[in-house]
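If you want the building blocks of each chain, they are given just below.
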Amino acid sequence: MRRPIPRSRRPVRVLAVSLLALLLTTLLTALPAQGAQSARAAACAGVLPTPDAYGITCLRVERHLQRDGSELRDVTMTSTAIFQASGGTPVISSPAEPITVRVYLPPGYDPAASPRYRSLYLINGGGDDYDEWTTKTDLVSLLAEVPGHPYEGIVVMPTGGRSGWYADWAGRTDGFFAPRWETYHISQLVPWIDANFATVADRTGRGLAGVSMGGYGTLRYAAAHPDVFSVVGALSPGIELRARPAQGTISDSMWQAGAAIAPLDLLDGAFRVNKYDADGVLVLDQDVQRLYRLDTLFGPHTTTVSGGRAVHDWPSANPATLATRGGYAPFSGRLAVYAGGCAPAAADPPGDGTGPAPSGCGYSTTSSAVTDATTVNEYILGSYAAAFDATLTGLGVSHRYCYSAGGHDWTSWPAYLTDFLQYAYGTAPARCPAVR
């Protein structure tokens, strides 16, 4: 297998996909350029006060009114951060790829409201997109039915890529480009949302939550940007980058999807991340590939020796390491972590959110079920969540920790989010969710 560096050496299949994508783009943008630009500007400016700002250019807005009077507003945009050239000339036709953010506006939303609305950023899990909370579960009904008090704020659902891992990539794809997801989400999208919707434009009004990869991103962004968010909820999150199963999952995602956003991107090898030798031949050593792919995401790794073996870490991107450095102290009393994989008998009745998981859950980060695994599952995530809970408790960081017998799926996550909304914006329930 050869690396797609010079165009003349790109695989025929990849070239065919690129030509097909170019043809479709040409057909879909058949309007004269000036007319199309004028129509775009009019459509965006008609519903947004500041459609083009902070490195974001609005392309179109779609409004979906809901039965309860709320609205899902989809804004398709480009960002100067998605994508950028890296390491050479990009082989894709245009580095600026359209991306969509879905914004939930509560019933009776008033752009001139005073006081202004709180906002919750919900970031997607691996392999998913901005719409996961409205296609895989009914977010609108969930928000309206929060026990005690419905959520009356704004919800921002951006894309984070199929496997973007909420990072400004230190390296590049095989096609010489890279996403800057952290720049897009924090430096561009947050102020853009504040400029276009009636939000509380400081950390006191902003929350952040996500599932799986998005749970990892939640913990990473929280530690890096305590001045941006005030309350965070991590649902089935990745927590420990030093764990081989986590590294295996991340590495696999980089060759399977890489920087892909749109479905067609998954067919184009230029979006993937692989290491090649000096002759352009794919390196077959998977340990080498694993470190290369994680270094592409997070920058150069550090290496220590533990138990007679080398342990690799990316300290500025690893929630487990960030916790020991006080990264979550600013969120004391405003941080919630949820994970499943507990043995069912030990999870009944559920915990109260303040104590450790019982030994009957069977959680262990040193068992062969963890150390021999090549990718993560909910039991492994639950084991590291239990260890994370112990670390936070030992550091005096008040938080809500809920373990359950649930899996890594959409039968668990809506219950976790409902509990988080009560904890973050009302009164925490006496018991954690009973999920199986």
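The numbering scheme is per chain: residues are counted from 1 as the chain's sequence reads. Thresholds applied to this predicted model are a pLDDT of at least 70 for local features of residues and 80 or more for the giving and counting of side-chain atom pairs; totals over whole chains, interfaces and linings are not thresholded and use all residues. Excluding hydrogens and water, the side-chain figures rest on all heavy atoms present in the structure.

Asks: Got a minute to help me understand the environment of Thr 199 in this structure?
Replies: Only DSSP runs of H or I with at least four residues qualify as helices, and only runs of E with at least two residues qualify as strands; both kinds are numbered from the N terminus onward. Tracing the sequence through the fold places Thr 199 in the loop between α5 (181-196) and β8 (206-211). Three exposure classes are used, based on accessible area relative to the maximum for each residue type with a 1.4 Å probe and protein chains only: buried under 20%, partly exposed in between, and exposed over 50%. Residue Thr 199 is classed as buried on the basis of its relative accessible area, which comes to 1%. Should any heavy atoms of two residues lie within 4.5 Å, those residues are considered in contact. Among residues more than four places away in sequence, those in contact with Thr 199 are Arg 116, Tyr 117, Ser 119, Ile 154, Ile 193 and Asp 194.

Asks: Just to check I follow, could you spell out the confidence of the model for the protein chain for this structure?
Replies: Interpreting fine coordinate detail is not advised for predicted regions of low pLDDT. Per-residue confidence from the predictor is reported as pLDDT, which spans 0 to 100. Averaged over all residues, the pLDDT of the protein chain equals 91, while 90% of them reach at least 70. Here residues 1-33 scores under 50 on pLDDT; set against residues more than four positions off or in separate chains, the count is 42 contacts.

Asks: Sorry if this is basic, but what is going on with the packing of α5 against helix α6 (residues 213-224) here?
Replies: When two helices pack together, their arrangement is given by the angle between their axes and by how far apart the axes lie. Running from N to C, α5 and α6 cross one another at 60°; their axes reach a closest spacing of 12 Å. Taken as axis vectors, α5 and α6 run oblique relative to one another. Every pair of crossing elements has a handedness; the one defined by α5 and α6 is right-handed. Between α5 and α6, the contacting residues are Trp 181, Glu 182, His 185 and Ile 186 on the first element and Arg 220, Tyr 221 and Ala 224 on the second. For this scheme, ten residues count as nonpolar: Ala, Val, Leu, Ile, Met, Phe, Trp, Tyr, Cys and Pro. Four count as charged, namely Asp, Glu, Lys and Arg, and the remainder, Gly too, count as polar. Residue classes in the contact of α5 with α6 are distributed as four nonpolar, one polar and two charged. Only the stretch in contact is used when a helix axis is fitted, and all axes are lines through C-alpha atoms; the angle between N-to-C directions ranges over 0 to 180 degrees. The cut-offs work like this: below 35 degrees is roughly parallel, past 145 is roughly antiparallel, 65 to 115 is roughly perpendicular, and the gaps in between are oblique. Two helices cross in a left-handed way if the nearer one is turned anticlockwise from the farther one by less than a right angle. They cross in a right-handed way if the turn is clockwise.

Asks: Looking at this structure, I do not really get the sheet that holds strand β13 (residues 400-403). What am I missing?
Replies: The strands making up a sheet associate through backbone hydrogen bonding, with each pair oriented either parallel or antiparallel. By this definition, two strands are paired if DSSP reports at least two bridges between them. In space, the nine strands of this open sheet follow the order β1-β2-β4-β6-β5-β8-β9-β12-β13, with mixed pairing throughout. The open sheet has two free edges, formed respectively by β1 (56-65) and β13, since each of these has just one partner strand. Across the sheet, the mean angle separating the axes of adjacent strands is 15° when strand polarity is ignored. When strand β5 (residues 119-123) meets strand β6 (residues 154-157), the two strands line up parallel, connected through three bridges. Note that in β6 the partner of Ser 119 across the bridge is Ile 154.

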